[in-house]
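Now for the letters of each chain:
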Amino acid sequence: DTEVTQTPKHLVMGMTNKKSLKCEQHMGHRAMYWYKQKAKKPPELMFVYSYEKLSINESVPSRFSPECPNSSLLNLHLHALQPEDSALYLCASGQGANNSPLHFGNGTRLTVT
Amino acid sequence: QQQVKQSPQSLIVQKGGISIINCAYENTAFDYFPWYQQFPGKGPALLIAIRPDVSEKKEGRFTISFNKSAKQFSLHIMDSQPGDSATYFCAASIGNTPLVFGKGTRLSVIA
């Protein structure tokens, strides 16, 4: 089992809903990441937090709002999503140091109806 | 310059055979080259990684070969098993910058 825990595993939401994805790691990692993965595609970087501060935002639409309450937790708040936002949302963590590996969670499968 | 080109897109190998997946890059500043394995419904998991000062790294049945002059690296899976059937992603990064992923190879190992 992965050491990065994501909840929920599955989420179905309408376009007017507000929901949140949660991610937790207890490996003492200093960097946390959100990725979006479409079927048969590689993970696509959305956000990076380093020492609880947002360090990278890959021009993600404002309907996705990340939050890092502390060094172990990462949230992704969702509002007014579109059907094309349906995807697997992956959280990852790492030391944030040179050549340090990323540890991925098993993702949240999101369906927007 | 930031791309990593991965081939083939899909691969079918007989049980016990050797699976070979190739990646090529342009940016010579890349200094870390990991391979990730992803099973359906799961997140990617680090399989093996190499740095450009090493030409080969082996862990069990998995070997990375690295050719710095050709700007290529490859994953070899010896004695491939049905349990190895998964999607494999190569990646590269510079320092602590985010990984650049290849497009993935879907491997099927048939008995």
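For the structure, see preceding data.
Just so we're clear, the structure is a prediction, and the values are computed from it rather than from any experiment.

Our next topic: empty space enclosed by the protein. All told, the structure shown has 1 cavity of 30 Å³ or more when counted by the stated rule. Considering the residues around the largest cavity, the lining is formed by 13 residues, among which Tyr33, Ala97 and Ser100 of chain A together with Asn96 and Thr97 of chain B are closest to the centre. Taken together, the residues of the lining of the largest cavity sort by class into 6 nonpolar, 7 polar and no charged.

Further remarks concern the pairing of strand β11 (residues 105–110) of chain B. All names here are of chain B. Only one face of β11 is buried: it carries Thr105, Leu107 and Val109, and the other face, with Arg106, Ser108 and Ile110, is open. Two strands pair when backbone bridges link them, and strand β2 (residues 10–14) and β11 are joined in this way by 5 bridges, in the parallel orientation. Across the sheet, glutamine 14 pairs through a bridge with isoleucine 110, a residue of β11. Bridge analysis of strand β9 (residues 86–92) against β11 gives 3 bridges, and the strand direction is antiparallel. What sits directly across from threonine 87, in β11, is arginine 106.

All names here are of chain B. Spatially, 5 strands are ordered β1-β3-β8-β7-β6 in an open sheet, and the strand pairing comes out antiparallel. Looking at the sheet topology across the chains shown, the edges are occupied by β1 (4–7) and β6 (56–59). Strand-to-strand, the axes of this sheet are offset by a mean angle of 15°, without reference to chain direction. In terms of strand pairing, β1 meets strand β3 (residues 19–25) through 4 bridges, oriented antiparallel. Residue valine 4 lies in a different strand from β3, and its bridge partner there is tyrosine 25.

The rules behind the values
Residues numbered from 1 in each chain as written. Chains lettered and ligands numbered in written order. Predicted model: local features only at pLDDT ≥ 70, side-chain atom pairs only at ≥ 80, totals over all residues. Heavy atoms only, no water. 1 Å grid on protein atoms, 1.4 Å probe; cavity = no way out; pocket = protein on both sides within 12 Å on 5 of 7 lines; lining within 4 Å. Points joined across faces, edges and corners; volume = space filled by probe spheres on them. Nonpolar A, V, L, I, M, F, W, Y, C, P; charged D, E, K, R; others polar. Buried < 20%, exposed > 50% of the residue type's maximum accessible area, 1.4 Å probe, protein only. Helix = DSSP H or I, 4+ residues; strand = E, 2+ residues; numbered from the N terminus. Pairing = 2+ DSSP bridges. Axes fitted to C-alpha atoms, helices over the stretch in contact; angles between N-to-C directions.

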